[in-house]
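The residues making up each chain are set out below.
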Amino acid sequence: MHEDQPPGWAVETRGLVKTYGKVEAVRGIDLTVRPGEVFGFLGPNGAGKSTTISILCTLIEPTGGQALVGGIDVVRDPGSVRARIGLVFQDTTLDDQLTARENLEFHAFLYDVPRSERRRRIDRVLEMVELGERAGSLVRTFSGGMKRRLEIARGILHSPYVLFLDEPTLGLDPQTRNRIWEYLHDLRRREGITIFMTTHYMDEAELCDRIAIIDHGRIVALGSPGELKGMVGGDVVTLRTRDDRGAAEEIGRRFGLEPLLDSGGLRLEVEDGASFVPRLLRELSVSVDTVTLSRPSLDDVFLKLTGHAIRDEEVGARDRMRAMAGRWRGARGRG
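Okay, so let's go over this structure. Note that the structure is predicted; figures quoted are calculated from it, not measured.

Cut-offs used in this document
Residues numbered from 1 in each chain as written. Predicted model: local features only at pLDDT ≥ 70, side-chain atom pairs only at ≥ 80, totals over all residues. Heavy atoms only, no water. Helix = DSSP H or I, 4+ residues; strand = E, 2+ residues; numbered from the N terminus. Contact = heavy atoms within 4.5 Å. Areas by Shrake-Rupley, 256 points an atom, 1.4 Å probe, with all protein chains shown as cover. Pairing = 2+ DSSP bridges. Salt bridge = Lys/Arg side-chain N within 4 Å of Asp/Glu carboxyl O. Buried < 20%, exposed > 50% of the residue type's maximum accessible area, 1.4 Å probe, protein only.

**Looking at the overall build of the chain**
- Scanning the chain from terminus to terminus reveals 12 helices and 14 strands.
- Contacts in the chain between residues far apart in sequence, at least 24 positions, make up 73% of those at least 6 positions apart.
- Of the accessible surface of the chain, which amounts to about 15400 Å², a share of 46% is contributed by carbon and sulfur atoms.

What follows is the structure, given as structure tokens:
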């Protein structure tokens, strides 16, 4: 645990609600995040994921309920909450006309890091993300992965209780994504920091201690990756046919199953896939193009609970996050 972490939950919400006119973006969310854990927040565009994080980061106020970060109410004392969190957005908020060190020095000034400690802390976080040798380089010369590592360094410079990450590896190649996760796990191990992140990469969600799945403004499931996958019974059969809708109706009548239909084809949950697939191919009148058999994944859990596959954030969601980044910078300037 972080040495200054207050007792209790790192993040807690009770009956959290946010409405925009008649639209309920968040509909009574209750969740708790333990100090020092990596907590994943999964949800499609419009599910209430970004709204919830905006409330936790003091960017917007809730309509009802309560949210606490490090035991501090986000509405009653937003300044103290901002001082205790780090935040890394999808889109970079670095000043690419400054060097890596200058970006961190400005951040240290905003967060009142004591002048006597600034250089030591900056050197430490730069080394942690393997950018020590590029401290004097202009950020505009950095690759996307280097920028993301620098933003993580900036987010932890003031030793926050909770680090909020919005799609931390979006758009990065697999090798860089793996390196980012090495830095994050090392950070958790060294600092005892709590990490609250959103992601649509299911393999990334597997690295979380616990995951909350949100849809239509409500938490529909919460647990460890193993616990969530246990909600899908047996094996998963995925097939594409010449007529997926017709096949789904026939499977319902003939086998008493309820296939899920999405852009990837039909998905079925069966107890013994090895014996079911040959029978399916023999008895189904619709021509089958492809069939696969697998153990349950988080993709299967998400599809089972929400009825649709998780997808990349659309342009509108990215625009909202850019606006959030602007409000965050403005709030820090006023603080």
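**Section: the pairing of strand β13 (residues 265-270)**
- Here strand β11 (residues 235-241) runs beside β13; their pairing, made up of 5 bridges, is antiparallel. The residue bridging Val-237 from the neighbouring strand is Leu-268, located in β13.
- The pairing of strand β12 (residues 260-262) with β13 spans 3 bridges and is antiparallel. The partner of Leu-261 across the bridge, within β13, is Leu-266.
- The hairpin turn running from β12 into β13, its antiparallel successor, is 2 residues long.

**Brief notes about the pattern of salt bridges**
- Scanning the entire structure with this criterion turns up 24 salt bridges.
- Two residues, Arg-124 and Glu-191, come together in a salt bridge whose shortest N-O distance is 2.6 Å. Highlighted residues: Arg-124 in helix α4 (residues 115-128) and Glu-191 in helix α6 (residues 174-191), separated in sequence by 67 residues.
- Here Arg-189 makes a salt bridge to Asp-186, at a shortest N to O gap of 2.9 Å. With Arg-189 and Asp-186 both in helix α6 and 3 residues apart, this pair spans about one turn of that helix.
- For Arg-189, a relative accessible area of 62% gives the class exposed.
- In this structure, a network of salt bridges that share partners links the residues Arg-34, Glu-37 and Arg-210.

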